[in-house]
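# Architecture at a glance
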Amino acid sequence: MRYHNITKDDMLNGSGLRVVLWVAGCGHHCPGCHNPITHDPNGGILFDDAAREELFTELKKDYVSGITFSGGDPLHPVNVNEIGELVAEINARFPNKTKWLYTGYTYEQISSLPFISMLDVICDGRFEMDKFDSKLHWVGSSNQRVIDIKATKQEGRIVLYKDGSING
């Protein structure tokens, strides 16, 4: 897996103060994408042990609420396996940190991935320029959803995240 950046002390990509992993690789190529530089799966730099430790160092900080996986698309075929392993490792090492993931796939397309239930929130769906709405919180177009994964699993239907509805 390759990545473009690790953002620290981020307040724009999920609830609370977060660390964000911006992965390389996205096959959606949504017109108007805010981060097209991340589309090339061969772009960025190799996600190695030093990058992993950089994430873990941030997650050890008490004031950091959790991690957000973005990009690119963390669920692009070149990323999905390593993201799954990373989610599982973070879940085990930092059980009180929240895990958000942005993807152009819909929840219905990815719900069977084994690590999805370890996430707290998924922002799903392709960005659609004709549905752009600057008033939306966490997403850019009205077709995209901010899904509370634990509530969705418990209720057996899509439950949208409301600020403060989960820890962090």
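Before going further, it helps to examine the packing of aromatic side chains. Considering all chains together, one arrives at five aromatic pairs under this definition. Considering the side-chain rings of Trp 100 and Trp 138, the 5.3 Å spacing of their centres and the 70 degrees angle between planes classify their relative orientation as edge-to-face. On the criterion of sequence distance, the pair formed by Trp 100 in strand β5 (residues 98-102) and Trp 138 in the loop between β6 (121-124) and β7 (145-148) is long-range, its members being 38 residues apart. In terms of burial, Trp 100 and Trp 138 fall into one category: buried. Within the aromatic cluster, the residues linked to one another by ring pairs are Trp 100, Trp 138 and Tyr 161.

Bringing the state of the cysteines into the picture now. Here a disulfide denotes a covalent bond joining the sulfur atom of one cysteine to the sulfur atom of another. Under the defined criterion, the tally for this structure stands at zero disulfides. Among the cysteines around Cys 123, which has no disulfide bond, Cys 30 carries the closest sulfur, lying 14 Å off.

Attention now goes to the nonpolar core. Core analysis: the largest hydrophobic core is formed by 30 residues, its most contacted members being Leu 21, Leu 55, Phe 69 and Ile 83. Residue assignment for this core shows that the elements contributing at least two residues are β1 (2-10), β2 (18-23), α1 (49-59), β4 (66-71), α2 (80-93) and α3 (107-110). Setting aside chain neighbours within four positions, we find Leu 21 in contact with Met 1, Tyr 3, Asn 5, Ile 6, Phe 47, Leu 55, Thr 68, Phe 69, Ser 70, Ile 83 and Leu 86. Trp 100, Val 139, Val 146 and Tyr 161 belong to the second-largest nonpolar core, a separate cluster that totals eight residues.

As a further point, take the packing of α1 against α2. The relative placement of two packed helices comes down to the angle between their axes together with the axis-to-axis distance. Packing of α1 against α2 brings their axes to within 12 Å, and their N-to-C directions diverge by 35 degrees. Crossing angle aside, the handedness with which α1 passes α2 is right-handed. On α2, the residues that touch Arg 52, Glu 53, Leu 55, Phe 56 and Leu 59 of α1 are Glu 82, Leu 86, Glu 89, Ile 90 and Arg 93. Here the residues of the contact of α1 with α2 are counted per class, giving five nonpolar, no polar and five charged.

Considered as a void within the structure, the largest pocket measures approximately 650 Å³ in volume. As for the largest pocket, its lining consists of 33 residues, of which His 34, Tyr 102, Phe 127, Gly 140 and Gln 144 are closest to the centre. Elements represented by at least two residues in the lining of the largest pocket include exactly β4 and β6. Of the volumes computed, that of the second largest pocket is approximately 160 Å³.

It is worth spelling out α1 at this point. Looking at α1, one finds that the buried residues are Ala 51, Arg 52, Leu 55, Phe 56, Glu 58 and Leu 59. Seen along its axis, α1 keeps its buried residues to an arc of 160 degrees; they face one direction. Turned more than 90 degrees off the buried face of α1, the exposed positions are Asp 49 and Ala 50. Taken together, the buried residues of α1 touch β1, β2, β4 and α2. The N-cap residue of α1 is Asp 48: its side-chain oxygen and the backbone nitrogen of Ala 50 are 3.2 Å apart.

A few words on the side chain of Asn 79. Relative to the elements of secondary structure, Asn 79 occurs in the loop between β4 and α2. The exposure class of Asn 79 is buried, given its relative accessible area of 0%. At 2.9 Å, the side chain of Asn 79 and the backbone oxygen of Asp 73 are in polar contact.

Topologically, Lys 97 is positioned in the loop between α2 and β5. Setting aside chain neighbours within four positions, we find Lys 97 in contact with Leu 59, Lys 61, Asp 62, Val 64, Ser 65, Gly 66 and Asp 120.

Thresholds, definitions, all that
Residues numbered from 1 in each chain as written. Predicted model: local features only at pLDDT ≥ 70, side-chain atom pairs only at ≥ 80, totals over all residues. Heavy atoms only, no water. Phe/Tyr/Trp six-rings, centres within 6.5 Å; stacked < 30°, edge-to-face > 60°. Helix = DSSP H or I, 4+ residues; strand = E, 2+ residues; numbered from the N terminus. Buried < 20%, exposed > 50% of the residue type's maximum accessible area, 1.4 Å probe, protein only. Disulfide = S-S within 2.5 Å. Core = buried A, V, L, I, M, F, W, Y, C linked by side-chain atoms within 4.5 Å. Contact = heavy atoms within 4.5 Å. Axes fitted to C-alpha atoms, helices over the stretch in contact; angles between N-to-C directions. Left-handed = near helix turned anticlockwise from the far one by under 90°. Nonpolar A, V, L, I, M, F, W, Y, C, P; charged D, E, K, R; others polar. 1 Å grid on protein atoms, 1.4 Å probe; cavity = no way out; pocket = protein on both sides within 12 Å on 5 of 7 lines; lining within 4 Å. Points joined across faces, edges and corners; volume = space filled by probe spheres on them. Arc of directions from axis to C-beta. Polar contact = N/O pair within 3.5 Å; in protein donor to acceptor, adjacent residues only side chain to side chain.

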